[in-house]
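Commentary on secondary and tertiary structure
Chain residues, written in single-letter form:
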Amino acid sequence: MAPSRLLALLVLLCSSGAAPPARADTTTATCILSRHDHTLPLEKGPCTFSQRQGNATVRFGRWAFDFPATEQGRRYERSASSEGIRFNREGHYTLQVLWRPAAAAIAKPKGWAHDNVFLGRWQGQSTAGRAVIDVLTVEPNRIRWGNAINGMCDSDYSVQQLPWGRNGRYPDQLVPPRAPSDLVFGVVRLTLQPGPCSKGDAVIQLAMPLDGSSALEVVTYNAKGELIGQYGTFQALPSTTP
């Protein structure tokens, strides 16, 4: 597609009041498909995006995705930026359509993608206001939480593994306890990359009690390192496939 047509398409996608096109516009892009099941690998490669009157179609390898405008907000969520478009079907998959080649994933510790108690989908407690996390999805190279009303965080991340073992302290095991205890947590801090999400969260800390209960404790920090959210216990959700 010529640069002038691609620019026109981007303006159309990112604006809310523009009149719908009379015919479909099509462009090539890079797609990233992330299924909401940590046992399934992320897929990345060239794809074709087309749109007519708000109805989007994405063809990616063996996949063909249709996103009718009438089902937005019900069957899927859609968000646009200067980098591309993101389609999210909670519990099924997230599909990113990027106008530029996708950046390489942030390096993770050895074994992170395969031997990791934090990966999966986690149901948080429901609270009012912007404190809602709802479903937290932790994938080897992606983390998501939030909802359409309160805003979504969706990002790659770097990993800091905090000390594990007895005499631990939650929520922050970087601070030693004042007195010995039997509290045992495995704790990691995930720093959102390339930067904080729109809600202001820059770091999400996950703590797992090492007693086999599969309960996850979650806190968040802003870019200054200040604790801004402490959410209590999350419970594991069953794995699903698209």
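Per chain, residue numbering runs from 1 following the sequence as it is written. A pLDDT threshold of at least 70 governs which residues receive local features in this predicted model, and a stricter bar of 80 or more applies before side-chain atom pairs are shown or counted, although totals over entire chains, interfaces and linings include all residues. Water and hydrogen atoms were dropped before computing side-chain values, which therefore reflect all heavy atoms in the structure.

Before going further, it helps to examine the pattern of salt bridges. A side-chain nitrogen of Lys or Arg and a carboxyl oxygen of Asp or Glu constitute a salt bridge if their distance falls within 4 Å. Per the counting criterion, the structure on display carries 8 salt bridges. The salt bridge involving Arg-142 is made with Asp-154; its shortest N-O contact spans 2.8 Å. Note that Arg-142 is positioned in strand β10 (residues 142-147) and Asp-154 in strand β11 (residues 151-161), a separation of 12 residues in sequence. Relative accessible area serves as the criterion here: at 17%, Asp-154 is assigned to the buried category. By sharing partners, the salt bridges in this structure join Arg-35, Glu-43 and Arg-62 into a single network. Under the DSSP-based scheme used, a helix requires at least four consecutive residues in state H or I and a strand at least two consecutive residues in state E, with every element numbered from the N terminus. Partly exposed residues are those whose accessible area sits between 20% and 50% of the maximum for their type, while under 20% is buried and over 50% is exposed, using a 1.4 Å probe and protein chains only.

Let's shift gears to the nonpolar core. In this structure, Leu-136, Ile-143, Leu-206, Leu-216 and Val-218 are the most contacted members of the largest nonpolar core, which totals 22 residues. Elements with a minimum of two residues in this core: β9 (135-139), β10, β11, β12 (185-193), β13 (203-209), β14 (215-221) and β15 (227-236). Only heavy atoms matter for contacts: two residues are in contact if any of them lie within 4.5 Å across the pair. Contacts of Leu-216, omitting those with residues within four sequence positions, involve Phe-118, Trp-122, Leu-136, Leu-206, Ala-207, Met-208, Gly-232, Thr-233 and Phe-234. Residues enter a nonpolar core if they are buried and are Ala, Val, Leu, Ile, Met, Phe, Trp, Tyr or Cys, with the set joined through side-chain atoms within 4.5 Å. Counting residues in each nonpolar core, the second largest holds 17 residues, with Cys-31, Leu-33, Cys-47 and Trp-99 among its members.

So, on to the sheet that holds strand β1 (residues 25-35). Ordered by their spatial adjacency, 7 strands build an open sheet running β4-β3-β2-β1-β7-β6-β5, and the pairing between neighbours is antiparallel. One side of each edge strand has no neighbouring strand; the edge strands of this open sheet are β4 (63-67) and β5 (77-80). Ignoring which end each strand starts from, the neighbouring axes of this sheet average 25° apart. For two strands to be treated as a pair, DSSP must find at least two bridges joining them. Strand direction decides the pairing type here: β5 and strand β6 (residues 84-89), joined by 4 bridges, are antiparallel. Paired with Ser-79 across the two strands is Arg-86, which belongs to β6. Angles here are taken between N-to-C directions and fall from 0 to 180 degrees, while the axes themselves are lines fitted to C-alpha atoms, restricted in helices to the stretch in contact.

With that out of the way, let us pick up the environment of Glu-71. Positionally, Glu-71 belongs in the loop between β4 and β5. Judged by relative accessible area, Glu-71 falls into the partly exposed class, the value being 24%. For Glu-71 and Asn-55, which are 16 residues apart along the polypeptide, the C-alpha to C-alpha distance reads 9.5 Å.

Further remarks concern the pairing of strand β7 (residues 93-98). Of all the 6 residues making up β7, 6 are buried; the element is thus mostly covered by neighbouring parts of the structure. Alternating residues of β7 divide into Tyr-93, Leu-95 and Val-97 and Thr-94, Gln-96 and Leu-98, and every residue in both groups is buried. Here 6 bridges tie β1 to β7, and the two strands are oriented antiparallel to one another. By the bridge assignment, Arg-35 is partnered in β7 with Tyr-93. In terms of strand pairing, β6 meets β7 through 6 bridges, oriented antiparallel. What sits directly across from Phe-87, in β7, is Leu-95. The antiparallel pairing of β6 with β7 creates a hairpin that spans 3 residues between the two strands, and Gly-91 there sits at a positive phi of about 85°.

This part is about the state of the cysteines. We call a pair of cysteine sulfur atoms a disulfide when they lie within 2.5 Å. Using the criterion set out here, one finds 2 disulfides in the structure. A sulfur-sulfur distance of 2.1 Å marks the disulfide that ties Cys-31 to Cys-47. With the S-S bond torsion at 75°, the cross-link from Cys-31 to Cys-47 turns out right-handed. Taken together, the residues Cys-31 in strand β1 and Cys-47 in strand β2 (residues 43-52) connect sequence positions 16 residues apart. An identical accessibility class is assigned to Cys-31 and Cys-47; each is buried.

The criterion for an aromatic pair is that two Phe, Tyr or Trp rings (for Trp, the six-membered ring) have centres within 6.5 Å, with stacked assigned to planes under 30 degrees apart, edge-to-face to planes over 60 apart and tilted to the rest. Per the counting criterion, the structure on display carries 8 aromatic pairs. On the numbers, 5.8 Å between centres and 75° between planes, the contact of Phe-49 with Trp-99 is edge-to-face. You can see Phe-49 sitting in strand β2 and its partner Trp-99 sitting in the loop between β7 and β8 (120-123), a full 50 residues away along the chain. Accessibility expressed as a relative area gives 16% for Trp-99, which makes it buried. In this structure an aromatic cluster arises from ring pairing among Trp-63, Phe-65, Phe-67, Tyr-76, Phe-87 and Tyr-93.

In terms of strand pairing, β8 meets β15 through 2 bridges, oriented antiparallel. Opposite Trp-122, over in β15, you have Ala-236 as the bridge partner. Where β14 and β15 come together, 6 bridges link them in antiparallel fashion. Following the sheet pairing, Tyr-221 is matched in β15 by Leu-227. Taking the residues between adjacent antiparallel strands as the criterion, β14 and β15 are bridged by 5 residues, where Gly-225 takes a positive phi near 85°.

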